[in-house]
Amino acid sequence: MKIVLPGGTGQVGGVLRRALTAAGHEVVVLTRRPVRDGEIHWDGRTLGRWAEVIDGSDVVINLAGRSVSCRYTDENLRAMMDSRVDSARVVGEAIAAAHKPPRVWLQMSTATIYAHRFDAPNNEATGVIGGDEPSVPGYWAYSVEIAQNWEREQERAATPQTRKVALRSAMVMSPDRGGVFDYMLWLARLGLGGPVAGGAQYVSWIHDRDFVRAVEFLIGRDDITGAVNLAAPGPLPQREFARALRGAWGMPVGLPATRWMAEIGAFVLRSDTELLLKSRRVVPGRLSSAGFTFDHGSWPQAAADLVRRARRERSGSRRTAARS
């Protein structure tokens, strides 16, 4: 198949690009800064020559959007909104204008669309959309608004020949440097990966190889449209999540962090505490009902696999550096 990945140069794009290329597919990445073979320039806002690669493709997986790993200033929040909405709109325009449109358009979304809650898990049918929870920072509602507008732009696109799926993805865990798992593992290795603000908030996640398998599953299922949660079936409180990660690495201690300590740490790392403090209790209702099975559905087992791969990659990097 010919698969087009708008915004495919980030962590998730790298995971998909490697796996889909290894499976024998032709993968084309749309990026603002093309540097490799198979990459084509686009600006993420306006139609251009790049739209020619969508015409005649089989699948489009739009991953474009400003990284959420930043301080949630007004400027950055607007950039998150604009980059997601604009890219979804222009991808829809390219598909609508194609003589031979792709048969499926997978649009990245986020599990952050659901409410901050502890009482019950969020699936697609009964999950509570966030935005009006009491006692949370007001700007958290804007993150939900971003997700809603992101999905709405795909829904309103006039692409009758193209099936549309919105991927409400939890955090994709891979051993790649610079990804969310790399950051969490770094804290665990330093002995800092303990409970944050008590650690009762739920963490939803998905192993990178299950993420790829879920994407392939959805490409092949012509009967599935609309929003689909991409999350492992076992979300767990952050204190348990962190304990399992420390155990996988072999770190016996994990210093706890209060809310104000998390604020300081997020400021130093130029990130935001919503990523640490919002309780994302998300489960894969539609995937499970459709018969998808997870190879890495338990976090302790998934963390052990990711740690093994991270150790192997670090060892390989040291050997390469020593030879050079």
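Note: the structure precedes this text.
A brief look at the structure comes next. (Residues numbered from 1 in each chain as written. Predicted model: local features only at pLDDT ≥ 70, side-chain atom pairs only at ≥ 80, totals over all residues. Heavy atoms only, no water.)

## A word on the environment of arginine 280
What counts, and what does not: Secondary structure is summarised from DSSP: a helix means a run of H or I of at least four residues, a strand means a run of E of at least two, and numbering begins at the N terminus for each. Here, residues are in contact when the closest pair of their heavy atoms is within 4.5 Å.
If you trace the backbone, arginine 280 turns up in the loop between helix H8 (274-277) and helix H9 (285-289). Residues arginine 280 and asparagine 122 lie 158 residues apart in sequence; the distance between their C-alpha atoms is 8.3 Å. For arginine 280, the residues in contact, after removing those within four places along its chain, are Thr112, Tyr202, Val203, Ser204, Pro235, Glu274 and Leu275.

## Here's the deal with the packing of helix H2 (residues 74-97) against helix H3 (residues 140-156)
Put simply, the rule is: To obtain each axis, a line is fitted to C-alpha atoms, and for helices this fit is confined to the stretch in contact; angles are then taken between N-to-C directions over 0 to 180 degrees. Put simply, angles under 35 degrees are roughly parallel, angles over 145 are roughly antiparallel, angles from 65 to 115 are roughly perpendicular, and the rest are oblique. When residues are grouped by polarity, Ala, Val, Leu, Ile, Met, Phe, Trp, Tyr, Cys and Pro land in nonpolar, Asp, Glu, Lys and Arg in charged, and all others, Gly among them, in polar.
With their axes 8 Å apart at the nearest point, H2 and H3 run at an angle of 10° to one another. Relative to H3, the element H2 is oriented roughly parallel. Of H3, the residues touching H2 (which contributes Leu77, Arg78, Met80, Met81, Arg84, Val85, Ala88 and Arg89) are Tyr142, Glu145, Ile146, Asn149, Trp150 and Glu153. Residue classes in the contact of H2 with H3 are distributed as 8 nonpolar, 1 polar and 5 charged.

## Focus: the packing of helix H4 (residues 180-189) against helix H6 (residues 238-249)
Two elements in contact, H4 and H6, have axes whose closest approach is 10 Å; the angle formed by their N-to-C orientations is 75°. By the angle between their directions, the pair H4 and H6 is classed as roughly perpendicular. Along the contact surface, H4 presents Phe181, Met184, Leu185, Ala188 and Arg189, while H6 presents Phe241, Leu245, Arg246 and Trp249.

## Remarks on the side chain of glutamate 151
For the record, the criterion: For the exposure calls, accessible area comes from a 1.4 Å probe over protein chains only, and a residue counts as buried if that area is under 20% of its type's maximum, exposed if over 50%, partly exposed in between.
Among the structural elements, glutamate 151 can be located in helix H3. Overall, glutamate 151 belongs to the buried group, its relative accessible area being 5%. Discounting chain neighbours no more than four positions away, the residues touching glutamate 151 are Ser109, Ile113, Ala166, Arg168 and Ala227.

## A few points about the sheet that holds strand E3 (residues 39-41)
Put simply, the rule reads: By definition, two strands form a pair when at least two bridges between them are found by DSSP.
One open sheet holds the 7 strands; their spatial order is E3-E2-E1-E4-E5-E6-E10, and the pairing between them is parallel. Across the chains shown, the open sheet's two edge strands, defined by having one partner strand only, are E3 and strand E10 (226-230). Pairwise comparison of adjacent strand axes, ignoring direction, gives a mean angle of 25° for this sheet. Across 5 bridges, the pairing between strand E6 (residues 163-169) and E10 is parallel. Looking at the pairing, valine 165 lines up with glycine 226 of E10. Along the sheet, H2 makes contact with strand E1 (2-6), strand E4 (59-62) and strand E5 (104-108), crossing E5 at roughly 175°.

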